[in-house]
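Next come the chains, spelled out residue by residue.
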Amino acid sequence: MIVDLHNHTRRCNHAEGSLDDYIQKAIEAGIDIFGFSDHAPMDFDPKYRMGYHEMAAYEAEVREAAERYRGRIDIRLGYEVDWLPGYMDERVLNADVDYLIGSVHFIDKWGFDNPEFIGHYEEADIDTIWRDYFDLVEAMAASKLFQIVGHFDLIKVFKFLPKTDIRELAEGALDAIAHSDMVLELNAAGYRKPIGEPYPGRGVLEMAYQRRIPITFGSDAHKPEQVGFKQKELYRMAREVGYTRAAHFRAKERFFVDI
């Protein structure tokens, strides 16, 4: 079965297309379980996320779509939540949804994956940046607030790579993910970025497999045409590493399907 749990909607203000556009593309791509996990509201960087006043409508729209497409595709509901202590809100963390994806997009409020702020990479020690990033991922995993880890090594997005082996830098975060029994997503968005490979890369995925960390999959689509992009490559890599199952969630309870 094909699972794809990380996809966005126009409510985040930087995605295109209707829910139906995404769902139709998912059906065309042969996806069995398809999740919307739009950027959750937060009183920080509001132009890239929905507002709190939109939560009820977002959740209702996805649930209504799930009913309309019942029997053709299984639609799930979630949020992608930024790990930003002091800004995360109980209305999101306790939302009645199928799952929460925890993601790190900010280091000390620096939006490191935003091209607007790319210059900071050349103003600081690159290994320090990477260590700070994985420290945040480790803290996020230790919080046990989320079911899924989003784009684990997103810090590589613009191909500013560390001098230290990435696998060494990632060890602590992977150990925390394993200890918290979280799911690691294989995210296709990296194929569309300068790095040109998925999050995480194969070496890190092998480390996750050694730690028995379960996986799921996500297109991280912000346009309907991105749904299912490089899907076969992602699944092939997972199988080659040794994975035989993908996780999915309903009401924050984890289930597995064979891949």
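Coordinates for the structure precede this section.
Let me begin by describing the structure that accompanies this report.

Thresholds, definitions, all that
- Residues numbered from 1 in each chain as written.
- Predicted model: local features only at pLDDT ≥ 70, side-chain atom pairs only at ≥ 80, totals over all residues.
- Heavy atoms only, no water.
- Helix = DSSP H or I, 4+ residues; strand = E, 2+ residues; numbered from the N terminus.
- Buried < 20%, exposed > 50% of the residue type's maximum accessible area, 1.4 Å probe, protein only.
- Polar contact = N/O pair within 3.5 Å; in protein donor to acceptor, adjacent residues only side chain to side chain.
- Contact = heavy atoms within 4.5 Å.
- Pairing = 2+ DSSP bridges.
- Axes fitted to C-alpha atoms, helices over the stretch in contact; angles between N-to-C directions.
- Parallel < 35°, antiparallel > 145°, perpendicular 65-115°, else oblique.
- Left-handed = near helix turned anticlockwise from the far one by under 90°.

1. Observations regarding the side chain of Glu59
Line of reasoning, step 1. If you trace the backbone, Glu59 turns up in helix H2 (residues 55-68).
Line of reasoning, step 2. Using a relative accessible area of 12% as the deciding quantity, one classes Glu59 as buried.
Line of reasoning, step 3. At a separation of 2.7 Å, a polar atom in the side chain of Glu59 contacts the side chain of Tyr79.
Line of reasoning, step 4. Setting aside anything within four residues of it in sequence, one finds Glu59 in contact with Leu77, Tyr79, Ala95 and Val97.

2. Some details on the sheet that holds strand S4 (residues 99-103)
Note on sheets: strands pair through backbone hydrogen bonds, and any given pair is parallel or antiparallel.
Line of reasoning, step 1. The strand order across the open sheet formed by seven strands is S1-S2-S3-S4-S7-S8-S9, and the pairing between neighbours is parallel. The open sheet has two edge strands, strand S1 (3-4) and strand S9 (215-218), and neither has a second partner.
Line of reasoning, step 2. Taken together, the two bridges between S1 and strand S2 (residues 33-39) define a ladder with parallel strand orientation. Considered in S2, the bridge of Asp4 is made with Phe34.
Line of reasoning, step 3. Together, S1, strand S8 (183-187) and S9 form the strand contacts of helix H7 (residues 231-241), whose direction differs from that of S9 by roughly 165°.

3. Remarks on the packing of helix H4 (residues 126-143) against helix H5 (residues 166-179)
Line of reasoning, step 1. Following both chains from N to C, one finds H4 and H5 inclined at 10°, their axes separated by 7 Å at the closest point. Comparing their axes, H5 and H4 come out roughly parallel. The handedness of the crossing between H4 and H5 comes out as right-handed. Counting all contacts with H4, which are made through Trp130, Arg131, Phe134, Val137, Glu138 and Ala141, the residues of H5 involved are Ile166, Leu169, Ala170, Gly172, Ala173, Ala176 and Ile177.

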